Number of protein chains: 2
Amino acid sequence: MDKYAVIVAGGKGQRMGNAIPKQFLPLAGKPVLYHTIKAFKDAFEDMKLVLVLPQDQLSYAQMVLQAFPERIDIAIVTGGETRFHSVQNGLKAVSGNSVIFVHDGVRPLVSADLVQRCFVQAINKGSAIPAIAVADSMRIIEGDSSRPVDRQNMRSIQTPQTFRSDILLPAFLQGYMEHFTDEATVVEAYGEEVYLIEGERGNIKITTPEDMLIAETILNSRTDNG
Amino acid sequence: MDKYAVIVAGGKGQRMGNAIPKQFLPLAGKPVLYHTIKAFKDAFEDMKLVLVLPQDQLSYAQMVLQAFPERIDIAIVTGGETRFHSVQNGLKAVSGNSVIFVHDGVRPLVSADLVQRCFVQAINKGSAIPAIAVADSMRIIEGDSSRPVDRQNMRSIQTPQTFRSDILLPAFLQGYMEHFTDEATVVEAYGEEVYLIEGERGNIKITTPEDMLIAETILNSRTDNG
């Protein structure tokens, strides 16, 4: 079964207060996207790679490729208006019977173990959506007011959202809807149930400058421990 | 108006895989609780301090006090069966017209700015519950299945949950109920509305060994920047 990692790198880096989009910022000396791509290669040597970049960031791609010691094969695809459209474009580079991992470019700390577990579950159940328990109390805003929600049943959703191609590809032939915030919601709108899998607290999404520091700390601690 | 920080340090440290409870582990060379206490003293010089510790951790208290270069006044109180009972015990050390900050001992990174903002809002509105936007997609588990929830309106709740004493003290005279997961839910059960305030992403709750590394990184980056 073929394996495709569709790595989606959107955003403009404004929240980082930085001209360079965050997925290209150096993390432990290499661009964030280098680490993200490497994580998928580490999980499966035969992983096929698709990198979806906004039009105005295509010029940065070379920097990521050059960070690898050896030549690496990556299909580079231009993103779209929304996450849905970007993934839709990325999926055009996918063919045959396969398992597809759709992953945030700014989650460089995903482990090989999580990718491998997602693969096994996607083959068996059709999908694997990494989810973790919520550490803090939660409330829902309602107008000027708010109310508590039971966090026992709440889960924080991560990527790679992983699917068998016979489920994901037809789901992405649907027209865009506003509630398509991730791939799970697209697949559900297509009428398929999605299945959660235990994610990883360390699989953080880099959003702020503080997150860069945190990511570097986690990365270094892993290297220290072998 | 008097100011009381009621710092609640429960837990047994099992999740840390460590015999020493996490609130006493060294963070940048000093116990976690040292940093937590210092944050409140830094926010207001006249802050009165109440530390609530489980019975079997009272012997560690001296270690925290000795970390301060000068003698520091802290009322040390024994905790109870649940968070509610611990806070209830802590409030016995509070008197007069005051603003009360109830804070997790394992949130050592709270800033003076957040404490000061909570104070002002609690005086004006009666309460200040720090809340931050949720970065990831969220789902709710329902039996074997799950469904997406709109994260736009979800907030992650932190501490210090801050209240005027005329609201908090009578609320804690109520009998315990199972849904009392924090002070906000206690005050709401008493019939008072609670008011959110913008929290801080860096104000993390230390739960895992990785969180210790993250906390140390954030702490060091603050020192580096003055």
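Residues numbered from 1 in each chain as written. Chains lettered and ligands numbered in written order. Predicted model: local features only at pLDDT ≥ 70, side-chain atom pairs only at ≥ 80, totals over all residues. Heavy atoms only, no water.

Novice: Sorry, what's going on with the pairing of strand S11 (residues 161-164) of chain A here?
Specialist: Two faces, one strand: in a regular strand the side chains alternate between the faces of the sheet. Residue and element names in this part refer to chain A. Relative to S11, strand S6 (residues 98-104) runs antiparallel, the two being bridged by 4 bridges. Paired with Ile100 across the strands is Phe163, a residue of S11. In this structure, strand S7 (residues 127-133) lies alongside S11, joined through 2 bridges in antiparallel fashion. Residue pairing across strands places Ala128 opposite Thr162, the latter belonging to S11. (Pairing = 2+ DSSP bridges. Helix = DSSP H or I, 4+ residues; strand = E, 2+ residues; numbered from the N terminus.)

Novice: Just to check I follow, could you spell out the interface of chain A and chain B for this structure?
Specialist: By a frequent convention, interface size equals the accessible area lost on bringing the separate parts together. Every contact between the two is made by 38 residues of chain A and, on the other side, 39 residues of chain B. With both chains or domains summed, chain A and chain B bury close to 3300 Å², and 53% of this area falls on carbon and sulfur atoms. When the buried surface of chain A facing chain B is broken down by residue, Asp136, Arg139 and Ile141 of chain A rank first, second and third, together holding 18% of it. Our enumeration of links across chain A and chain B arrives at 6 salt bridges. Note that Arg107 of chain B and Asp136 of chain A form a salt bridge whose closest N and O atoms lie 2.9 Å from each other. Linking chain A to chain B there are 17 residue pairs in polar contact (both at pLDDT 80 or more). Sorting the residues of the side of chain A that touches chain B by element identifies strand S8 (137-142), strand S9 (145-149), strand S10 (154-157), helix H6 (183-189) and helix H7 (209-224) of chain A as the ones contributing at least two each. Looking at the side of chain A that touches chain B element by element, the count peaks at 7 residues for H7 of chain A. As defined by bridge partners, S8 of chain A adjoins strand S10 (residues 154-157) of chain B across 4 bridges and the pair is classed as antiparallel. Within S10 of chain B, the position partnered with Met138 of chain A by the bridge is Ser156 of chain B. (Contact = heavy atoms within 4.5 Å. Buried area = accessible area lost by both parts, 1.4 Å probe. Salt bridge = Lys/Arg side-chain N within 4 Å of Asp/Glu carboxyl O. Polar contact = N/O pair within 3.5 Å; in protein donor to acceptor, adjacent residues only side chain to side chain.)

Novice: Looking at this structure, I do not really get the relation of the copies chain A and chain B. What am I missing?
Specialist: Two chain copies, one operation linking them: a rotation about an axis together with a shift along it. Of the two same-sequence chains, chain A is brought onto chain B (RMSD 0.0 Å, axial shift 0.1 Å) by a rotation of 180°. Taken together, the rotation angle and the small translation identify this as a two-fold axis. Proximity to the rotation axis, assessed at the C-alpha, singles out Ile214 of chain A in chain A; its C-alpha lies 2.8 Å from the axis. In this assembly the copies share their binding face: 100% of the residues contributing to the interface of chain A also contribute to that of chain B. (Least-squares fit on C-alpha atoms with pLDDT ≥ 70 in both.)

Novice: Quick question: what am I supposed to make of unusual backbone geometry here?
Specialist: It is generally the case that most residues other than glycine have a negative phi and that most peptide bonds are trans. Residue and element names in this part refer to chain A. A cis amide bond links Thr159 to the next residue, Pro160, at an omega of 10°. Here Ala28, not a glycine, exhibits a phi torsion of approximately 50°, which is positive. Mapping Ala28 onto the fold places it in the loop between strand S2 (26-27) and strand S3 (30-31).

Novice: Could you clarify how one ought to interpret the pattern of salt bridges in this entry?
Specialist: Two side chains with opposite charge may pair up if their charged atoms get near one another. All names here are of chain B. Under the counting rule described, the total for this entry stands at 26 salt bridges over all chains. With its nearest N and O atoms 3.4 Å apart, the salt bridge here joins Arg71 to Asp73. The exposure class assigned to Arg71 is exposed, which follows from its relative accessible area of 72%. A relative accessible area of 56% means that Asp73 is categorised as exposed. (Buried < 20%, exposed > 50% of the residue type's maximum accessible area, 1.4 Å probe, protein only.)

Novice: Would you explain the packing of aromatic side chains in this entry?
Specialist: Between two aromatic rings, the relevant description is the distance of the centres plus the angle of the planes. Residue and element names in this part refer to chain B. Scanning all chains against the criterion turns up 16 aromatic pairs over all chains. Here Phe84 and Phe180 contribute two aromatic rings whose centre-to-centre distance is 5.2 Å and whose plane-to-plane angle is 35°, an arrangement assigned as tilted. Taken together, the residues span a long stretch of sequence, with Phe84 in helix H3 (residues 83-91) and Phe180 in the loop between helix H5 (165-171) and helix H6 (183-189) at a distance of 96 residues. Judged by its relative accessible area of 5%, Phe180 falls in the buried class. (Phe/Tyr/Trp six-rings, centres within 6.5 Å; stacked < 30°, edge-to-face > 60°.)

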